[in-house]
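One-letter residues, chain by chain:
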Amino acid sequence: MSVADLLEGKRVAICAGSGGVGKTTTSAAIAMGLAAEGARVCVVTIDPARRLADALGIEQLGSEPRRVDDARFEGHGITIEGELWAMMLDPKHTFDELIEQLSPDERTRDEILANRIYRELSSAVAGSQEFTAVAKLYELDRSGLFDVIVLDTPPSRNALDFLDAPDRLTGFLEGRALRLFLAPSGIAARVVGRGTSVVFSVLRRVTGVDLMNDLSVFFGALSGVMDGFRERAAGVKALLADPATTFLIVTSPEREPVDEAIFFRGKLREAGMPFGGLVVNRVHPLAEGAESADVDEAALTAELGGDAALARKVVRTLGEFRVLAHRDAESVARLTRELDEPDPILVPHLDGDVHDVDGLVAVHRHLFASGRRRAELLAQAAF
């Protein structure tokens, strides 16, 4: 099946996996392909390297969806029948927006946003990039502006951070330390002892910063949005488990990404979250019959105009490619078995890094091809 088949009837597609496996490229290619088929699609990423903007030919992406000019794909064999939108998530900006939405009144909103503690700690309070990514996903889905939203999950050493983000946020907000700060009376007396109070007093005299007051104001104002945070976290978790949402696991044949993909699939299964399919990028395919075929170095030398050194180099390179191809075949077989996914979508290792529309179209060609056509494309890329 193609990616289009996997995403039939889906409203949210989440590309998950470890870092460095081509999630951003895959997300952009999927969004472009769905838009080409007539859907109104938004692709969302957190990508400080700007690969998505570069691949789409856009100088800069902002923290709100921006429509991609259809003309960028003219001459590349892609006609956008629908609409393609893209945005690069700014975690701090997104969390500020969330505070604005959940604050019960303007005074609470302004107290939190202007508070020194909030400004310094808001990224940590947000549960890192993961919660802000899924919070924006929830907001875009609720807006009804798009037929499909494709989320490129944040770079992470552990893809499970994304699934755990709502619980980690509410766990922080409902933790014992915050409950002490949010107690209705005796905030300073309950939380800090005399020694700590002295430290805060000295700090205030030396720097002019009344840290205790800032803490009290911050946590007091935060109490006004806690119910909203709980509701939003619950809504986010419900969206992740919604039948209209699907997770596409993106990996590469290297050992660590494969291990991560298998582990992540198990956690999706345990959580009852929807698994849509598997994309394996940067595969080295081996041509049929090439495994045992010997290369006649003498004949190759003659064919190369008598350049024996070049012939030896070609033979050595071919041998190295075969080693990679065997490794990749074993990795794909393991993934197929462990993930119970008999028809993974394989994208061959492309020449050079994908950083422009041409590269995006090349990846799209494999993702959206039928099973037979995809096999033909792999064969063309094989040695």
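Residues numbered from 1 in each chain as written. Predicted model: local features only at pLDDT ≥ 70, side-chain atom pairs only at ≥ 80, totals over all residues. Heavy atoms only, no water.

### Concerning the packing of aromatic side chains
Part 1 of the reasoning: Counted under the stated rule, the structure contains 2 aromatic pairs.
Part 2 of the reasoning: Taken together, a centroid distance of 5.9 Å and an interplanar angle of 70° make the contact between Trp 85 and Phe 146 edge-to-face. In this pair, Trp 85 is assigned in strand E4 (residues 83-88) and Phe 146 in the loop between helix H7 (128-143) and strand E5 (148-152), connecting sequence segments 61 residues apart.
Part 3 of the reasoning: Note on Phe 146: relative accessible area 10%, which makes it buried.
Part 4 of the reasoning: For the ring pair Phe 247 and Phe 264, a centre distance of 6.1 Å and an interplane angle of 65° mean the geometry is edge-to-face. Separated by 17 residues along the polypeptide, Phe 247 in strand E6 (residues 245-251) and Phe 264 in helix H14 (residues 255-271) bring together distant segments of the chain. This pair shows no difference in class: Phe 247 is buried, exactly as Phe 264 is. (Phe/Tyr/Trp six-rings, centres within 6.5 Å; stacked < 30°, edge-to-face > 60°. Helix = DSSP H or I, 4+ residues; strand = E, 2+ residues; numbered from the N terminus. Buried < 20%, exposed > 50% of the residue type's maximum accessible area, 1.4 Å probe, protein only.)

### Details of the packing of helix H4 (residues 91-102) against helix H13 (residues 226-241)
Part 1 of the reasoning: Interaxial distance between H4 and H13 falls to 9 Å at its minimum, and their mutual angle equals 115°. The handedness of the crossing between H4 and H13 is right-handed. Across the interface between the two elements, Phe 95, Leu 98, Ile 99, Gln 101 and Leu 102 of H4 pack against Gly 228, Phe 229 and Arg 232 of H13.
Part 2 of the reasoning: In terms of residue class, the contact of H4 with H13 is built from 5 nonpolar, 2 polar and 1 charged. (Axes fitted to C-alpha atoms, helices over the stretch in contact; angles between N-to-C directions. Left-handed = near helix turned anticlockwise from the far one by under 90°. Contact = heavy atoms within 4.5 Å. Nonpolar A, V, L, I, M, F, W, Y, C, P; charged D, E, K, R; others polar.)

### Overview of a nonpolar patch on the surface
Part 1 of the reasoning: Residues Leu 304, Leu 310 and Val 314 make up a contiguous nonpolar surface patch of about 200 Å² in total accessible area.
Part 2 of the reasoning: The topology assignment puts Leu 304 in the loop between helix H15 (297-303) and helix H16 (308-338).
Part 3 of the reasoning: Take Leu 304: its relative accessible area is 32%, and that puts it in the partly exposed class. (Patch = residues over 30% accessible without salt bridge, like charges linked within 9 Å, V, L, I, M, F, W, Y side chains within 5 Å. Areas by Shrake-Rupley, 256 points an atom, 1.4 Å probe, with all protein chains shown as cover. Salt bridge = Lys/Arg side-chain N within 4 Å of Asp/Glu carboxyl O.)

### Here we look at the pattern of salt bridges
Part 1 of the reasoning: For the structure shown, the criterion picks out 16 salt bridges.
Part 2 of the reasoning: Salt-bridge contacts for Glu 64 lead to Lys 136; the nearest nitrogen and oxygen are separated by 3.7 Å. Of the two residues, Glu 64 is situated in the loop between helix H3 (51-55) and strand E3 (66-67) and Lys 136 in helix H7; the sequence distance between them amounts to 72 residues.
Part 3 of the reasoning: The exposure class of Lys 136 is buried, given its relative accessible area of 1%.
Part 4 of the reasoning: Between Glu 97 and Lys 136 there is a salt bridge, and its shortest N-O distance comes to 3.2 Å. A residue pair is termed long-range when its members are at least 10 positions apart, and Glu 97 in helix H4 and Lys 136 in helix H7 qualify at 39 residues. The two residues Glu 97 and Lys 136 agree in class, both being buried.
Part 5 of the reasoning: Connected through shared salt-bridge partners, Arg 40, Arg 67, Asp 70 and Glu 83 make up one network.

In short, the description is geometric, and any link to function would need to be established separately.
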